[in-house]
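Coordinate analysis (summary)
Residues per chain, in single letters:
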Amino acid sequence: MSNMPTLTAAQERTREWLESQDDELESIAESSVVDSLDDYKYSEHTFTEQEDDDDDDDDTGEEISTVALGTRMGDSKGSIIRDTLRDLLNSINSIQTVGNVNISNSTNVHIGNVTNINGNIQIIAETATPRPRNSHRVRRKASPANAPDPGEHKNEEQELDESEERVNSNVFISSQKFKIPKELCSIVPRHSWLAQMPMEEPVKLQLPVKYVVILHTATESSEKRAINVRLIRDIQCFHIESRGWNDIAYNFLIGCDGNIYEGRGWETVGAHTLGYNKIALGISFIGCFMRELPTTDALNMCRNLLARGVEDGYISADYRLICHCQCNSTESPGRRLFEEIQTWPHFFNIAQDEQ
């Protein structure tokens, strides 16, 4: 009975301390005093130690019926209480910790790098070859001598069915390249291939133009957009710094990847063909086509670009399609491509007209 006033004072100090804390700690006010030996490990630990010291005294552990937070205790008991209190505080705290980043009361949080892609994207997907549904079962079929129990075989078939449903789903794609629609005419703008600004103010074309000149760049060709972008930037740098021209010479460039790249555009005088720059649009295929043609996608994109120019009023409806080699002493656009262009509508034979 002599210990009761001390215990009551400790409880009072504990309650005063709890009332001085934030509102979040009010929920643990009732659990600040431990009054059950069976609910806490340190109470059981205390009882065990007392029982080991004196097996004959069965009431020793029961003397410590309550333990207040303000009561001075041994190191082992104090560490257990601190761990218990820490767990209670952690259960109140709603902050999520990811490494060294704390996130609280947030939505749409992204951790990591973000890559933004502007412009057209060529998607190369893959489609898996269909596989017979019972292929796993045929390979795993046990021999008659080692045949499992019917119940085990049934469970194994059920697991195989679930695994086949996960693995052999039709969402897997392989080795299928999406074809570009023939009627599509998507032009990659100058900023997408990081074009330099023109050195001088551009000169406007008189629209609609009467002539369209087909050329080639006499460089390597590629079906990859990244390589074509590099080639176009190199061509622009060569035309500006070595040739001393205002900008890249061509109005448009077409890559074997099936993309149309904006050069000087529809409304600006180019520097592609001497004597025709002010009356014609210059369309150049990226590559050298002396012995082979550009890809089918590239040829289709050129036809689509011509049709769009007529539709939008940049090219005259009765335009004349000519090649660079007809106007100047050059191999451009390449012998093989020149033969192809001669079969297109609107092709104009300058030599016959002069005769």
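For the structure itself, look to the data block above.
This report concerns the structure included in the present document. (Residues numbered from 1 in each chain as written. Predicted model: local features only at pLDDT ≥ 70, side-chain atom pairs only at ≥ 80, totals over all residues. Heavy atoms only, no water.)

Re the packing of aromatic side chains
Counted by the stated rule, this structure contains 6 aromatic pairs. Their ring planes at 80° and their centres at 6.3 Å tell us that Phe285 and Phe289 sit as a pair that is edge-to-face. Taking the relative accessible area as the measure of exposure, Phe289 reaches 1% and is therefore buried. Aromatic rings pair up to connect Tyr211, Tyr276 and Phe348 into one cluster. (Phe/Tyr/Trp six-rings, centres within 6.5 Å; stacked < 30°, edge-to-face > 60°. Buried < 20%, exposed > 50% of the residue type's maximum accessible area, 1.4 Å probe, protein only.)

What about the pairing of strand S6 (residues 209–216)?
The element S6 is largely enclosed, with a buried count of 7 among its 8 residues. As judged from the 6 bridges shared by S6 and strand S9 (residues 280–285), these two strands associate in the parallel manner. Considered in S9, the bridge of Tyr211 is made with Ala280. (Helix = DSSP H or I, 4+ residues; strand = E, 2+ residues; numbered from the N terminus. Pairing = 2+ DSSP bridges.)

Some thoughts on the nonpolar core
Counting 29 residues, the largest nonpolar core has Ile214 and Phe285 as the members making the most contacts within it. Listing elements by their share of this core, those giving two or more residues are S6, strand S7 (252–254), S9, helix H7 (296–311), strand S10 (315–323) and helix H9 (335–341). With near-sequence residues (within four places) excluded, Ile214 lies in contact with Ile283, Phe285, Cys302, Leu321, Ile322, Cys323, His324, Pro333, Leu337 and Ile341. Formed by 22 residues, the second largest nonpolar core is a distinct cluster that contains Trp193, Val213, Leu231 and Ala249. (Core = buried A, V, L, I, M, F, W, Y, C linked by side-chain atoms within 4.5 Å. Contact = heavy atoms within 4.5 Å.)

Focus: H7
An ideal rise of 1.5 Å per residue puts 22 Å on 16 residues; H7 measures up with 23 Å between its terminal C-alpha atoms. Among the residues of H7, Ala298, Leu299, Asn300, Met301, Cys302, Asn304, Leu305, Leu306 and Gly309 are the ones counted as buried. Downstream of H7 by a residue or two, Gly313 has a phi angle that is positive, lying close to 90°. (Expected span 1.5 Å × (residues − 1).)

Overview of the pattern of salt bridges
A complete count under the given rule lists 9 salt bridges for this structure. Taking the shortest distance from any N to any O, the salt bridge between Lys210 and Asp318 comes out at 3.0 Å. Here Lys210, found in strand S6, pairs with Asp318, found in strand S10; they are 108 residues apart in sequence, far enough to count as distant. Judged by relative accessible area, Asp318 falls into the partly exposed class, the value being 44%. Residues Glu340 and Arg303 are paired through a salt bridge, measuring 3.4 Å at the closest nitrogen-oxygen approach. (Salt bridge = Lys/Arg side-chain N within 4 Å of Asp/Glu carboxyl O.)

Topic: the sheet that holds S7
With respect to topology, 6 strands assemble into an open sheet ordered S5-S8-S7-S9-S6-S10, the strand pairing being mixed. Of all the strands in the sheet, just strand S5 (187–188) and S10 have a single pairing partner and so form its edges. Inspection of the sheet shows S7 paired to S9 by 3 bridges, in the parallel sense. From the neighbouring strand, Ile254 faces S9, where its bridge partner is Phe285. Packed onto the sheet, H7 meets S5, S6, S7, strand S8 (260–262), S9 and S10 and runs at close to 145° relative to S10. (Axes fitted to C-alpha atoms, helices over the stretch in contact; angles between N-to-C directions.)

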